[in-house]
Amino acid sequence: MRSEYSGDGLSESDLASTPLAQVRRWVEDAQARQAERGDVAEPTALAVATVDADGRPNVRTVLMRFLDERGPGFVTDLGSTKSREIGATGGLAAALTWPAMFRAVRFRGRAVAVGREEITAYFVARPWGSRISAWASDQSEPVADRAALVAGFMRYAALYPDTGSPDDVPVPDAWGGWRIECDEVELWAGRRNRLHDRLVFTRVGDGGLDTADAWTVSRRQP
Ligand SMILES: Cc1cc2nc3c(=O)[nH]c(=O)nc-3n(C[C@H](O)[C@H](O)[C@H](O)COP(=O)(O)O)c2cc1C
């Protein structure tokens, strides 16, 4: 089955002056569309690609929990496969994709660890059960069966009972996050006859995603 991509497209004149403003605009559009029409589930779902020490690529989906001038970021287990692969190469790429809107964003760059303060602020805002799971799960490691996982959850639930206070569960040392310090941000907009728009911000100087002078814009063939 083939479907025609009849999106709005993206022209140079419509492009925001910085990658941050443009990505924020599209994320907000996706969130608004999900609220109105419900066809953009998890608008901040971010496919994160890594490469291991042997050069084998890997990919998984996380939720984009941070987006500011320092780059998009997510929270995860610092001992997980993805974190080990990030440690091996330092490189990171990620994509937001909104098929219902014929839009996608690609980020490429270097990984930077999210600071402890930011991580703690985010952790305490999570529901109690999610915070307990962060203790119970050694992400990416094998586990014998589901019962073993649930037993771990119950053990930590007894250790750190739900008191309704944000600090009833300590932040696990292994819980952290990564940000992509971008050198490239590509906006893809699907159009009729597969003649899509691809506008790319490429880093040409120092500065964040909100520094217009740090970026140049070019167009790629679809
Ligand atoms: C919609 C969605 C959201 C997810 N969000 C996260 C997340 O924010 N952080 C995370 O570590 N894993 C998240 N996961 C699980 C990851 O896809 C993955 O299974 C996990 O991080 C382990 O990956 P790894 O073994 O490559 O490190 C999410 C999965 C889905 C489908």
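Higher on the page you've got the structure.
Residues numbered from 1 in each chain as written. Predicted model: local features only at pLDDT ≥ 70, side-chain atom pairs only at ≥ 80, totals over all residues. Heavy atoms only, no water.

Draft legend 1. Spatial organisation of the pairing of strand β6 (residues 103–113). Of the strand pairs in this sheet, strand β5 (residues 91–98) and β6 are connected by 8 bridges, and their pairing is antiparallel. Bridged to A94 within β6 is F107. Where β5 folds back on β6, the antiparallel hairpin that results is connected by 4 residues, among which F102 adopts a positive phi of roughly 55 degrees. Two strands pair when backbone bridges link them, and β6 and strand β7 (residues 175–189) are joined in this way by 11 bridges, in the antiparallel orientation. (Pairing = 2+ DSSP bridges. Helix = DSSP H or I, 4+ residues; strand = E, 2+ residues; numbered from the N terminus.)

Draft legend 2. Quick peek at helix α3 (residues 116–124). If you check which residues of α3 are buried, you get I119, Y122 and F123. Burial along α3 is one-sided: seen end-on, the buried residues are contained in an arc of 100 degrees. On its buried face, α3 is in contact with β4 (71–77), α4 (128–136) and β7. (Buried < 20%, exposed > 50% of the residue type's maximum accessible area, 1.4 Å probe, protein only. Arc of directions from axis to C-beta. Contact = heavy atoms within 4.5 Å.)

Draft legend 3. Structural view of helix α1 (residues 19–37). A rise of 1.5 Å per residue sets the reference length of α1, with its 19 residues, at 27 Å; its end C-alpha atoms lie 26 Å apart and thus fit the reference within 8%. Listed as buried for α1 are P19, L20, Q22, V23, W26, V27, A30 and R33. Of the surrounding elements, those touching the buried residues of α1 are β3 (66–68), β5, β6, β7, β8 (197–203) and β9 (215–219). Following α1 by one or two positions, G38 has its phi on the positive side, about 70 degrees. (Expected span 1.5 Å × (residues − 1).)

Draft legend 4. Inspection of the packing of aromatic side chains at higher detail. One pass over the structure, following the stated rule, counts 10 aromatic pairs. Measuring from ring centre to ring centre gives 5.0 Å for F123 and W175, while their planes differ by 70 degrees; the resulting arrangement is edge-to-face. Highlighted residues: F123 in helix α3 and W175 in strand β7, separated in sequence by 52 residues. Residue classification places W175 among the buried residues on the basis of a relative accessible area of 7%. Three or more aromatic residues joined by ring pairs make a cluster, and in this case those are F66, Y122, F123 and W175. Its end group placed over the ring of F66, R179 keeps NZ or CZ at 5.2 Å from the ring centre. One residue, R194, lies across the ring of Y5, its end atom 4.5 Å from the ring centre. (Phe/Tyr/Trp six-rings, centres within 6.5 Å; stacked < 30°, edge-to-face > 60°. Lys NZ or Arg CZ within 6 Å of the ring centre and 35° of its normal.)

Draft legend 5. Main features of the packing of α4 against helix α5 (residues 146–159). In contact at an axis separation of 8 Å, α4 and α5 are set at 115 degrees when each is read in the N-to-C sense. Note that α4 runs across α5; the crossing there is right-handed. Contact with α4, carried on its side by W128, G129, I132, S133, W135 and A136, involves G152, F153, Y156 and A157 of α5 and no other residues of that element. Looking at the contact of α4 with α5, its residues break down into 7 nonpolar, 3 polar and no charged. (Axes fitted to C-alpha atoms, helices over the stretch in contact; angles between N-to-C directions. Left-handed = near helix turned anticlockwise from the far one by under 90°. Nonpolar A, V, L, I, M, F, W, Y, C, P; charged D, E, K, R; others polar.)

Draft legend 6. Geometry of the site of the ligand. Contacts to the ligand come from R60, T61, V62, L63, V75, T76, S80, T81, K82, Q139 and S140. T76 is positioned with one of its side-chain polar atoms (N or O) 2.6 Å from an oxygen atom of the ligand. Take K82: an N or O atom from its side chain is 2.6 Å from an oxygen atom of the ligand. Listing elements by their share of the shell around the ligand, those giving two or more residues are β2 (57–63), β4 and α2 (81–89). Here the element with the most residues in the shell around the ligand is β2; it accounts for 4 residues. Taken together, the residues of the shell around the ligand break down into 3 nonpolar, 6 polar and 2 charged. (Near = heavy atom within 4 Å. Polar contact = N/O pair within 3.5 Å; in protein donor to acceptor, adjacent residues only side chain to side chain.)

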